[in-house]
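Each chain is listed here by its residues.
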Amino acid sequence: MDTRSFLRFFFLTLCIAVALLFTWAHLPYGPPYASDLLDCSTNSAWCSSKNRLQSKPPSPTRRLRDHASDTPHHPLDPLTLPEITAVRSILSSHALFASSSSHALHSVELQEPDKSLMLRWHHGDPLFPRKATVVARVDDMSHVLTVDLTTREVTVEDTASHSGYPTMTLEEMTAATWVPLMNADFNRTIVQRGVDLTDLACLPLSTGWYGKVEEKRRLIKVQCYSTKDTVNFYMRPIEGLTVLVDLDTKQVLEISDKGGSIPIPKAANTDYRYSAQKPNQVLKLLKPISIEQPNGRSFTVEDDHLVKWANWEFHLKPDARAGVIVSQAKVRDPNTGEFRDVMYKGFTSELFVPYMDPTDAWYFKTYMDAGEYGFGLQAMSLDPLNDCPRNAYYMDGVFAAADGTPYVRSNMVCVFESYAGDIAWRHTECPITGMQIREVRPKVTLVVRMAASVANYDYIIDWEFQTDGLIRVKVGLSGILMVKGTSYENVNQVSSPENLHGTLLSENVIGVIHDHYVTFYLDMDVDGSDNSFLKVNLQREQNSPNESPRKSYLKATKTVAKTEKDAQVKLKLYDPSEFHVINPTKKTRVGNPVGYKLVPGGTAASLLDLDDPPQKRGAFTNNQIWVTPYNRSEQWAGGLLVCQSQGEDTLAVWSDRDRPIENKDIVLWYTLGFHHIPCQEDFPIMPTVSSSFDLKPVNFFESNPILRTPPNVETDLPVCVAAASA
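About the thresholds
Numbers given to residues run from 1 along each chain, matching the order in which its sequence is written. Per-residue local features of the predicted model are confined to residues with pLDDT of at least 70, and side-chain atom pairs are confined, for both listing and counting, to 80 or more; whole-chain, interface and lining totals are unaffected and use all residues. Excluded from the side-chain calculations are hydrogens and water; all other atoms, namely the structure's heavy atoms, are used. Numbering of helices and strands runs from the N terminus; a helix is a DSSP stretch of H or I covering at least four residues, while a strand is a stretch of E covering at least two. What qualifies as a polar contact is a pair of N or O atoms within 3.5 Å, subject to a donor-acceptor requirement within protein and to the restriction that residues adjacent in sequence count only when both atoms come from side chains. Contacts are residue-level and defined by heavy atoms, with any inter-residue pair within 4.5 Å sufficient. The definition of a nonpolar core used throughout is a set of buried Ala, Val, Leu, Ile, Met, Phe, Trp, Tyr and Cys residues joined through side-chain atoms within 4.5 Å. Only protein chains enter the area calculation, which uses a 1.4 Å probe; residues under 20% of their type maximum are buried, those over 50% are exposed, and those in between are partly exposed. Where a domain begins and ends is set by an automatic assignment or by a domain database. UniProt positions are given in the numbering used here, feature names are shortened, and annotations may be inferred rather than shown by experiment. For this text, the term disulfide refers to a pair of cysteine sulfurs within 2.5 Å. Whether two strands pair comes down to DSSP finding at least two bridges between them. Interaxial angle, 0 to 180 degrees, is taken between N-to-C directions of lines fitted to C-alpha atoms, where a helix line uses only the stretch in contact. Aromatic contacts are taken between Phe, Tyr and Trp rings whose centres are within 6.5 Å, Trp giving its six-membered ring; a plane angle under 30 degrees counts as stacked, one over 60 as edge-to-face, and the others as tilted. By definition, being over a ring means that NZ of Lys or CZ of Arg is both within 6 Å of the ring centre and within 35 degrees of the ring normal.

**Thoughts on the side chain of lysine 221**
(1) Moving on: Tracing the backbone through its elements, the reader meets lysine 221 in strand 6 (residues 219–226).
(2) Moving on: One polar contact links lysine 221 to tyrosine 363, side chain to side chain, over a distance of 3.2 Å.
(3) Moving on: Not counting residues up to four positions away in its chain, the partners in contact with lysine 221 are Leu203, Pro204, Leu205, Thr207, Thr242, Val243, Leu244, Tyr363 and Phe364.

**Quick notes on the nonpolar core**
Generally speaking, nonpolar side chains in soluble globular proteins are found buried as a group.
(1) Moving on: Of all hydrophobic cores here, the largest spans 116 residues; its most connected members are Trp463 and Phe533.
(2) Moving on: For this core, the domains that each give at least three residues are domain 2 (170–276) and domain 3 (299–491 + 507–697).
(3) Moving on: In this structure, Leu110, Val138, Leu149 and Val398 belong to the second largest nonpolar core, which totals 21 residues.

**Some remarks on the UniProt feature "active site" (unreviewed entry) in the protein chain**
(1) Moving on: UniProt records the feature "active site" (unreviewed entry) at Asp369 and Tyr457, using the numbering of this structure. Annotated residues spanning 89 residues; largest pairwise C-alpha distance 10.3 Å, indicating a single compact cluster.
(2) Moving on: By the secondary structure assignment, aspartate 369 is in helix 7 (residues 369–373).
(3) Moving on: What aspartate 369 contacts, discounting residues up to four positions off in sequence, is Glu350, Leu351, Val353, Gly374, Phe375, Val454 and Tyr459.

**Thoughts on the UniProt feature "domain: Copper amine oxidase catalytic" (unreviewed entry) in the protein chain**
(1) Moving on: Following the UniProt record, one finds the feature "domain: Copper amine oxidase catalytic" (unreviewed entry) at residues 290–706.
(2) Moving on: The span residues 290–706 is 4% helical and 48% strand by assignment, and the distance between its end C-alpha atoms comes to 26 Å.

**Notes on the state of the cysteines**
One covalent bond between the sulfur atoms of two cysteine residues makes up a disulfide.
(1) Moving on: Taken as a whole and assessed by the stated rule, the structure comprises two disulfides.
(2) Moving on: Between the sulfur atoms of cysteine 388 and its disulfide mate cysteine 414 the distance is 2.2 Å. The chirality of the disulfide connecting cysteine 388 with cysteine 414 is left-handed, given an S-S dihedral of about -85°. With cysteine 388 in the loop between helix 7 and strand 15 (393–400) and cysteine 414 in strand 16 (residues 406–418), this residue pair connects regions lying 26 residues apart in the sequence.
(3) Moving on: When the cysteines engaged in disulfides are numbered in sequence order, the protein chain pairs them as 1-2, 3-4.

**A look at the environment of glutamine 281**
(1) Moving on: Note that glutamine 281 resides in the loop between strand 8 (251–257) and strand 9 (299–302).
(2) Moving on: Each C-alpha atom of the pair glutamine 281 and aspartate 656 lies 57 Å from the other, and the pair is 375 residues apart in sequence.

**A short note on the sheet that holds strand 24 (residues 509–512)**
(1) Moving on: Read across the open sheet, the three strands follow the order 22-24-23; overall the sheet is antiparallel. Looking at the sheet topology across the chains shown, the edges are occupied by strand 22 (483–485) and strand 23 (502–506). Averaged over all pairs of adjacent strands, the angle between strand axes in this sheet comes to 40°, irrespective of strand direction.
(2) Moving on: Sheet analysis places strand 23 next to strand 24, joined by four bridges and oriented antiparallel.

**Structural notes on the packing of aromatic side chains**
(1) Moving on: Following the criterion strictly, the structure yields 25 aromatic pairs and no others.
(2) Moving on: Both rings, one in tyrosine 225 and one in tyrosine 234, keep their centres 6.1 Å apart while their planes meet at 65°; by these two values the pair is edge-to-face.
(3) Moving on: For tyrosine 234, a relative accessible area of 6% gives the class buried.
(4) Moving on: Linked through ring pairs, Phe347, Tyr521, Trp636, Trp654 and Trp669 together constitute an aromatic cluster.
(5) Moving on: In this structure, lysine 115 is placed above the aromatic ring of tyrosine 630, and the distance from its NZ or CZ to the ring centre is 4.8 Å.
(6) Moving on: Positioned over the ring face of tryptophan 636 is arginine 321, at 4.3 Å from the centre of the ring.

**A few points about the sheet that holds strand 8**
(1) Moving on: Reading across the sheet, the four strands line up as 5-6-7-8 and stay open at both edges, with antiparallel pairing between neighbours. This sheet does not close on itself; its edge strands, each paired only once, are strand 5 (200–205) and strand 8. Neighbour-to-neighbour, the strand axes of the sheet open up by a mean angle of 25°, direction not taken into account.
(2) Moving on: Pairing analysis gives six bridges linking strand 7 (residues 241–246) to strand 8, with the strands arranged antiparallel. Bridge pairing in strand 8 links leucine 241 to aspartate 257.

So, in structure tokens, the structure goes:
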């Protein structure tokens with residue numbers, strides 16, 4: 001490639017990268033704009049209520065300079081921009097780094113104070129000494145370090161004894177995609193496939209682990225696509241071409257080309273942007289809709305991270321690996337007025353996404369999006385009015401680049417109140433009683449949202465809080481399928497459809513079958529830290545002939561899990577159970593132990609062989625539920641160092657130690673699962689598919705905790721007249 005072509009290619013790739021990182025496009029359902037939505041604060045001609053919105057929300061976007069003076073107010077607040085800068089300065093003068101020929105910081109995060117200290121800390125108390133945990137690569141060795149920001153002392157905690165490597169940095173992933181272009185054989189292959197080098201877009205794909213030949217080398221595989229005539233290059237794969245790259249040396253180790261006879265799919269009908277749709281194809285299905293709050297928000301965010309809403313209070317922060325972390329969630333008791341502990345810490349611990357195609361270009365695609373790519377690092381800026389409603393509050397992520405320089409991911413998290421017309425509780429008395437009673441309460445919830453765009457796929461994570469004490473965790477899947485090129489244009493040409501390993505979505509395009517597993521870490525502290533895991537199993541009991549006209553009934557049998565293996569649960573439809581986290585030392589008025597129950601959802605389970613290398617690494621999906629004793633070093637279900645790990649440091653390994661968990665500080669783990677057999681409706685971009693699970697009070701309150709909440713009345717809400725009627 002000559003210099004001119006290379007520069008042209010560089011500029012085009014840069015433009016595509018910027019477009020993908022900082023824009024979100026939609027199908028021909030036109031996205032709402034601010035001018036579409038009624039603002040009751042400024043357009044009084046359209047609103048007949050005396051109650052107006054107090055002010056328009058501030059502009060959500062903040063820049064680097066806006067965080068230059070940030071200071072922590074809470075021991076769990078994330079590292080601030082000045083603190084990350086200080087970490088960089090301290091490490092630069094440390095002997096390990098000063099004498100190195102090369103180094104990179106793969107993770108720079110707050111080292112949270114010991115939980116025992118946090119449980120005694122109250123607002124207004126002095127902060128504990130601030131420390132950072134750093135995972136670094138120095139001269140091709142992994143290190144875990146603690147940096148004390150007060151004393152400037154650096155402690156080497158671990159010289160990564162595990163098999164895996166740290167989360168990849170954005171810089172090295174970008175660099176890896178350029179490596180093939182320095183290889184003449186690769187460039188010739190691209191040209192032979194009929195692709196102009198200036199139309200090339202390449203992706204860095206984690207390799208998993210498949211044997212000793214891969215040991216002692218950090219590897220990544222690169223596959224490429226054609227961007228010609230579409231921004232949706234994912235639909236135009238250069239099938240069968242895979243480049244193995246050494247991440248440390250930036251060298252091509254191997255080029256595999258087994259798809260020379262497979263055409264590159266056409267670009268027609270793949271562009272998903274609203275601006276790219278033809279005017280006569282745009283679907284105006286809905287009139288604009290917005291939820292107005294005439295008296296303003298009902299929640300506050302104090303000191304940037306402490307969220308207070310209705311009867312809830314919790315700490316919230318963005319995280320480079322987990323995305324968002326919810327800590328110290330407490331709910332107010334309606335009888336005592338006191339806040340009670342529910343959950344000490346909750347977050348997305350790991351994602352496991354295995355594709356079901358055993359061929360050379362696909363078998364290794366078994367991604368762990370948190371540990372390999374950084375779920376929070378892939379969280380893109382949210383789009384006001386589309387990702388989040390007008391009433392949202394936005395929170396930025398402040399992270400460290402590979403050289404330690406801080407940067408801001410603006411609008412990474414949003415918090416908003418949601419009303420979807422749901423009902424919190426109701427009852428209408430039937431006419432035969434003669435009572436004219438109709439009592440209904442609307443359900444308004446508080447939502448914490450982030451969206452991670454891990455290359456082609458988009459994950460929407462919602463933490464939803466309800467006034468009845470319930471926490472709902474919801475996962476939405478959208479974005480673009482990872483597809484396979486094929487010579488087939490119609491299913492009539494396929495003699496053995498099962499060998500497609502997926503669905504023919506369009507001419508020359510196969511959507512490959514795959515799974516998604518999202519494992520959550522839930523450190524429940526129900527009215528305190530010493531909890532137990534209670535299984536309530538529903539069993540059929542048979543009646544004797546003379547006992548009752550009924551032949552059978554269901555009986556609830558309660559069993560407290562003594563050890564970790566007792567709490568390993570595979571969900572079964574015909575062996576139903578409830579799963580409670582209880583505090584056996586705290587009882588209700590009538591003697592029931594207070595608790596919260598896990599209400600499962602999204603219950604797809606892995607069908608892979610337990611000895612399959614990807615499943616060894618993803619063994620945390622062998623069960624849907626696990627319970628472990630609290631251990632601050634056991635937070636990442638796939639292990640601390642996930643890239644090319646062999647599965648020796650996973651949740652499954654910890655749990656098999658079978659430690660005691662009765663009346664202990666315990667952690668509940670739950671995995672949401674999705675089997676995805678693609679269909680044509682997923683082309684060229686997927687409508688969102690969602691599932692959720694609940695953490696629901698069970699004998700936690702003495703009675704319905706929202707019994708005394710008032711209903712809405714007409715004077716509470718503005719009446720906004722449609723434009724055509726004004």
